[in-house]
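Residues per chain, in single letters:
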Amino acid sequence: MFNFPLFLDVTDKKVVIAGGGNVALRKARKLTAAAANVIVVAPHIVSPLYEMYKEGTIDWMEGKLDPEHIRDAFL
C-alpha cells in the first residue's frame, strides 16, 4: 500500500473519522495531538476510543456516516 504524505495545520479544525476500530484510534490519537477537533462516526468504537470520548478528547456520533456529518469539516 502506498501512503501519501499530507501535512496540514488541523489546529482547532473539525476533522471527521469514519469508523471506530484500531485504524480510527491511531488517526484520532495523531489528530488530537495536533489539536484537531475530532469527531468519530461509527456504530461502535473500540474501548480506547470510548475512553477518549468519555474524557472529552473526541466527540462520537453513534451510527453510520452521513453526508451531514462531514458538512463544514476541514478533513
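This is a predicted model, so every value here is computed, not measured.

### With respect to the overall build of the chain
Phase 1: Within the chain, the secondary structure is distributed over two helices and three strands.
Phase 2: Mapped from its N terminus to its C terminus, the chain presents α and β elements in the order β-α-β-α-β.
Phase 3: Scaling as 2.2 N^0.38, a compact globule of 75 residues should have a C-alpha radius of gyration of about 11 Å, and the chain matches this with 12 Å.
Phase 4: Summarising its shape, the C-alpha atoms of the chain cover approximately 30 × 30 × 25 Å along the three principal directions.
Phase 5: The buried share of the chain, reckoned over its 75 residues, is 29%.

### Side note on the sheet that holds strand β1 (residues 14-18)
Adjacent strands of a sheet form backbone hydrogen bonds with each other and so pair up, either parallel or antiparallel.
Phase 1: Spatially, β1-β2-β3 is the arrangement adopted by the three strands of the open sheet, whose pairing is parallel. Of all strands in the sheet, those with a lone pairing partner are β1 and β3 (59-62), marking the two edges. Direction aside, the axes of adjacent strands within the sheet are offset by 25° on average.

### Notes on the pattern of salt bridges
Phase 1: Taken as a whole and judged by the stated rule, the model has one salt bridge.
Phase 2: One salt bridge in this structure joins glutamate 68 and arginine 71, with 2.4 Å as the shortest N-O distance.
Phase 3: Looking at glutamate 68, the relative accessible area reads 47%, which means it is partly exposed.

### With respect to the layout of surface pockets
Phase 1: Counted as a void, the largest pocket has a volume near 440 Å³.
Phase 2: Phe4, Leu6, Leu8, Val10, Ile17, Val23, Arg26, Lys27, Lys30, Leu31, Ala34 and Leu75 are the residues that line the largest pocket.
Phase 3: The element best represented in the lining of the largest pocket is helix α1 (residues 22-33), accounting for five residues.
Phase 4: Each residue belonging to the lining of the largest pocket can be placed in one class, and the counts come to nine nonpolar, no polar and three charged.

Definitions and cut-offs
Residues numbered from 1 in each chain as written. Predicted model: local features only at pLDDT ≥ 70, side-chain atom pairs only at ≥ 80, totals over all residues. Heavy atoms only, no water. Helix = DSSP H or I, 4+ residues; strand = E, 2+ residues; numbered from the N terminus. Rg over C-alpha atoms; globule rule 2.2 N^0.38 Å. Buried < 20%, exposed > 50% of the residue type's maximum accessible area, 1.4 Å probe, protein only. Pairing = 2+ DSSP bridges. Axes fitted to C-alpha atoms, helices over the stretch in contact; angles between N-to-C directions. Salt bridge = Lys/Arg side-chain N within 4 Å of Asp/Glu carboxyl O. 1 Å grid on protein atoms, 1.4 Å probe; cavity = no way out; pocket = protein on both sides within 12 Å on 5 of 7 lines; lining within 4 Å. Points joined across faces, edges and corners; volume = space filled by probe spheres on them. Nonpolar A, V, L, I, M, F, W, Y, C, P; charged D, E, K, R; others polar.

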